[in-house]
Amino acid sequence: LITLKGAEDATVQAQQQRLIACGFRVVLVDGVKGADLAAADYFKLTSFWFGKSGKLMTPGELGCAMSHEKALRLAATLERGRHLILEDDFIASDAALRWIASVQRHIEPGTLLHLGGQEHLPRFYRYIRGQPMGNELSGVSRVDPADLAYLQCTVAYMLHSETAQALHQLMAAGHFVADNFRYAAQQGAIQQVWFRWVVSHPTDRDISTIE
């Protein structure tokens, strides 16, 4: 659970208790606030992505990338298995959390299960093509690689520790916008992305502390 609020925050504590009740073991990851970085560090850390894409990451995007890099490093070093990475402002029902816990065994190395948070996108861009998985993965679709550019947000996703290691190594080689799943797939860190929208994200930037 990535947070900028700290372990003593009442909202963070409540989210932890809900996750524990749904069968998860929770580890807090101290997020990085990009706006607090020194200018020299900001330009140094964003130069890689500027060279790759011609676009300058915002301080919020850099802070988000650095926060997820920390979470991915932790997931890679913990015991081999599956890990759910959440930002502390996630919105999900208990039923959704229990469903996520029930499907974790299907997540193999190379697969990233994206869990939603597309509210901030214009409605036209919320459409992606996918192949339904069926059976125990009812409601889950394998995203068409050509549409990965339209899948955004990192509020909630699940992956195997080996995939976390690959993504961390890619991020450590040069920070990129954390929800650029197309880039991660092109570089081989992700083999396939599955999607089911069961987690939401605040649309109000004043509520969302992790941009």
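Shown above is the structure to which this text applies.
Quick caveat, the model's predicted, so the values are computed rather than measured.

K.L.:
Which parts of the structure should I look at to understand helix α2 (residues 39-53)?
P.N.:
Given 3.6 residues per helical turn, the α-helix brings residues three or four places apart onto the same face. Its 15 residues give α2 an end-to-end C-alpha distance of 20 Å, which sits within 8% of 21 Å, the value for a rise of 1.5 Å per residue. Taking the largest bend as the criterion, α2 deviates by roughly 40 degrees, centred on S47. Here α2 has its buried residues at Y42, T46 and W49. If you follow the buried residues of α2, they end up packed against α3 (59-77) and α6 (181-186).

K.L.:
Looking at this model, I keep getting lost on unusual backbone geometry. Mind explaining?
P.N.:
Only a minority of non-glycine residues have a phi that is not negative, and only a minority of peptide bonds are not trans. For N135, which is not a glycine, the phi torsion comes out positive at approximately 50 degrees. Residue placement: N135 occurs in the loop between β5 (130-134) and β6 (137-143). Judged by relative accessible area, which is 76%, N135 ranks as exposed. At C153, a position not held by glycine, the phi torsion is positive, near 80 degrees. Its location among the elements puts C153 in the loop between β6 and β7 (156-160).

K.L.:
Teacher, can you tell me more about the packing of α2 against α3 here?
P.N.:
Two packed helices can be described by the angle between their axes and the distance between those axes. Running from N to C, α2 and α3 point in directions that differ by 75 degrees, and their axes come no closer than 11 Å. Relative to α3, the element α2 is oriented roughly perpendicular. Across from Y42, L45 and T46 in α2, the residues of α3 making contact are P59, L62 and M66. Broken down by class, the residue content of the contact of α2 with α3 amounts to 5 nonpolar, 1 polar and no charged.

K.L.:
It is not clear to me how the nonpolar core should be interpreted in this structure. Could you clarify?
P.N.:
Across soluble globular proteins, you tend to see nonpolar side chains buried next to one another. Judged by nonpolar contacts, the single largest core of 33 residues is most densely connected at L72, I85, L112, L159, L167, I190 and V193. Only α2, α3, β7, α5 (161-173), α6 and β8 (192-199) provide two or more residues apiece to this core. Element by element, the count of residues in this core is highest for α3, at 7 residues. Leave out the neighbours within four places in its chain, and L112 touches Y157, M158, L167, F181, I190, Q192, V193 and W194. By size, the runner-up hydrophobic cluster in this structure holds 26 residues, among which are L97, V155, M158 and V199.

Conventions we followed
Residues numbered from 1 in each chain as written. Predicted model: local features only at pLDDT ≥ 70, side-chain atom pairs only at ≥ 80, totals over all residues. Heavy atoms only, no water. Helix = DSSP H or I, 4+ residues; strand = E, 2+ residues; numbered from the N terminus. Expected span 1.5 Å × (residues − 1). Bend = angle between axes of the 7 residues up to and from the residue. Buried < 20%, exposed > 50% of the residue type's maximum accessible area, 1.4 Å probe, protein only. Contact = heavy atoms within 4.5 Å. Axes fitted to C-alpha atoms, helices over the stretch in contact; angles between N-to-C directions. Parallel < 35°, antiparallel > 145°, perpendicular 65-115°, else oblique. Nonpolar A, V, L, I, M, F, W, Y, C, P; charged D, E, K, R; others polar. Core = buried A, V, L, I, M, F, W, Y, C linked by side-chain atoms within 4.5 Å.

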